[in-house]
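Observations on the three-dimensional arrangement
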Amino acid sequence: MRNLASHRFAAVALICTSFVSGCQTLEGILESSPKPTARIIGTELKNLSLQKIDLVFNVEVANPYVVDLPLLDLAYTVGSGGTSLLQGNIKPSGAVPAGGTSVIQLPARIMFASLIRTLKVRPGSVVPYKADVTLGVDAPLAGRLTLPLSKSGELPVPAAPWVELSSFEIAKLGMDETKATAKLQVENTNSFALNLSKISIELALGAHKVANTSLAKSVKIAPGQSIVVDVPLSFSPRSFGLAVMNLLRGNKAVYSLFGSLEAGTPYGPLLLPFNGNGNTTITK
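This is a predicted model, so every value here is computed, not measured.

1. Looking at the pattern of salt bridges
Here the structure, examined in full by the defined rule, presents eight salt bridges. One salt bridge connects Glu 44 with Lys 46, and the closest N-O pair in it is separated by 3.4 Å. For Glu 44, a relative accessible area of 27% puts it in the partly exposed group. According to the relative accessible area criterion, Lys 46 is partly exposed, its value standing at 36%. In this structure, the salt-bridge partner of Lys 183 is Asp 230, at a minimum N-O distance of 2.8 Å. One end of the pair, Lys 183, is in strand β10 (residues 178-187); the other, Asp 230, is in strand β13 (residues 226-235), and 47 residues separate them in sequence. Its relative accessible area of 17% is what places Lys 183 among the buried residues.

2. Let's talk about the nonpolar core
Grouped together as the largest cluster of nonpolar side chains are 71 residues, with contacts concentrated most on Leu 135, Phe 168, Leu 184 and Leu 203. With seven residues, the single largest contributor to this core is strand β7 (residues 126-139). Setting aside residues up to four positions removed in sequence, Phe 168 forms contacts with Ala 180, Thr 181, Ala 182, Leu 203, Leu 205, Leu 233, Phe 235, Leu 248, Thr 280, Thr 281, Ile 282 and Thr 283.

3. Things to note about the sheet that holds strand β15 (residues 268-283)
If you trace the seven strands from one edge of the open sheet to the other, you get β12-β11-β14-β15-β9-β10-β13, paired in mixed fashion. Edge positions in the sheet fall to β12 (208-221) and β13, since each has one partner strand and no second. In this sheet, neighbouring strand axes are inclined to one another by 25° on average, regardless of whether the strands run parallel or antiparallel.

4. Here we look at the pairing of strand β14 (residues 252-265)
Relative to β14, strand β11 (residues 194-205) is paired through ten bridges, and the arrangement is antiparallel. Considered in β14, the bridge of Asn 195 is made with Gly 264.

5. Observations regarding the packing of aromatic side chains
Across all of its chains, the model carries two aromatic pairs by this definition. Relative to Tyr 267, the ring of Phe 192 lies with its centre 5.5 Å away and its plane at 85°, an arrangement referred to as edge-to-face. With Phe 192 in the loop between β10 and β11 and Tyr 267 in the loop between β14 and β15, this residue pair connects regions lying 75 residues apart in the sequence. Overall, Phe 192 belongs to the buried group, its relative accessible area being 4%.

Criteria and cut-off values
Residue positions within a chain follow its written sequence, with the count starting from 1. Reporting of local features is limited, given that this is a predicted model, to residues whose pLDDT is at least 70; pairs of side-chain atoms are given and counted only at 80 or more, and all residues count toward the totals for whole chains, interfaces and linings. Side-chain metrics rest on all non-hydrogen atoms present in the structure, leaving aside hydrogens and water. Between Lys or Arg on one side and Asp or Glu on the other, a salt bridge is scored when a side-chain nitrogen of the former is within 4 Å of a carboxyl oxygen of the latter. Burial here depends on accessible area, computed with a 1.4 Å probe over protein chains only, as a share of the maximum for the residue type. Under 20% is buried, over 50% is exposed, and the range in between is partly exposed. Under the DSSP-based scheme used, a helix requires at least four consecutive residues in state H or I and a strand at least two consecutive residues in state E, with every element numbered from the N terminus. Residues grouped as a nonpolar core are buried Ala, Val, Leu, Ile, Met, Phe, Trp, Tyr and Cys residues, joined through side-chain atoms within 4.5 Å. In this analysis, two residues are considered to be in contact whenever any of their non-hydrogen atoms come within 4.5 Å of each other. Between any two strands, at least two bridges found by DSSP are needed for them to pair. The angle between two axes is taken between their N-to-C directions and runs from 0 to 180 degrees, where each axis is a line fitted to C-alpha atoms and a helix contributes only its stretch in contact. Any two rings among Phe, Tyr and Trp, with Trp reduced to its six-membered ring, count as a pair given centres within 6.5 Å; such a pair is stacked if its planes are under 30 degrees apart, edge-to-face if over 60, and tilted if neither.

What follows is the structure, given as structure tokens:
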């Protein structure tokens, strides 16, 4: 309380001395004195996954006074199409220095399960959002001032890709070493592009896991586009017994596939897990 009183007393004295005609009335001082301002200078999207995304709003506050400007609170509401998605508040610490500016970071986490349920959108969509923010400051003489802000943008709601083993091409067949290429059909089920950088797979033929590998792959997959990714494999059928060898000599095989894609998006890097099973063609 003593610091706050000293702050306001100093403000009164400094403001009064700025008027050549002497100290005006309180109303006159409040009317003619400058006001603090705030604006959102940027929004960061972080930690994008199939479950969530973190938004960080960078709020810049300008202090026109000759004394420090204490920060009181920062409240926010994030919505889309008039529907509220989340709201909250933080208590920023410190003050904006006299005649200077400070940037406050306001974090907000969007959980996609809640967003999908509330807005009735499908995974893979991009939805618009609007953030309404109010910043409370303790201005000299005036006391609490509330500064309204807003920011609009868009949020991705990522979907897992569709991946299947379209064929299994054998280049060399032997008990000690078999070399083959797994041809993966990958479809981007999102309404935004994926810049594929790495694919990791665990492949089982029949009931036997024959491969666990990863491949660096640089390719852009447009929304709704399908591409074929060739994954070279080398394994020893001997360790699985004659059952796998006989399966490889055939023309068809039951498979199960697990893995993940690492991709860049317009909204940040994204790790996309996938799984699938079915029947594939074996070619030699």
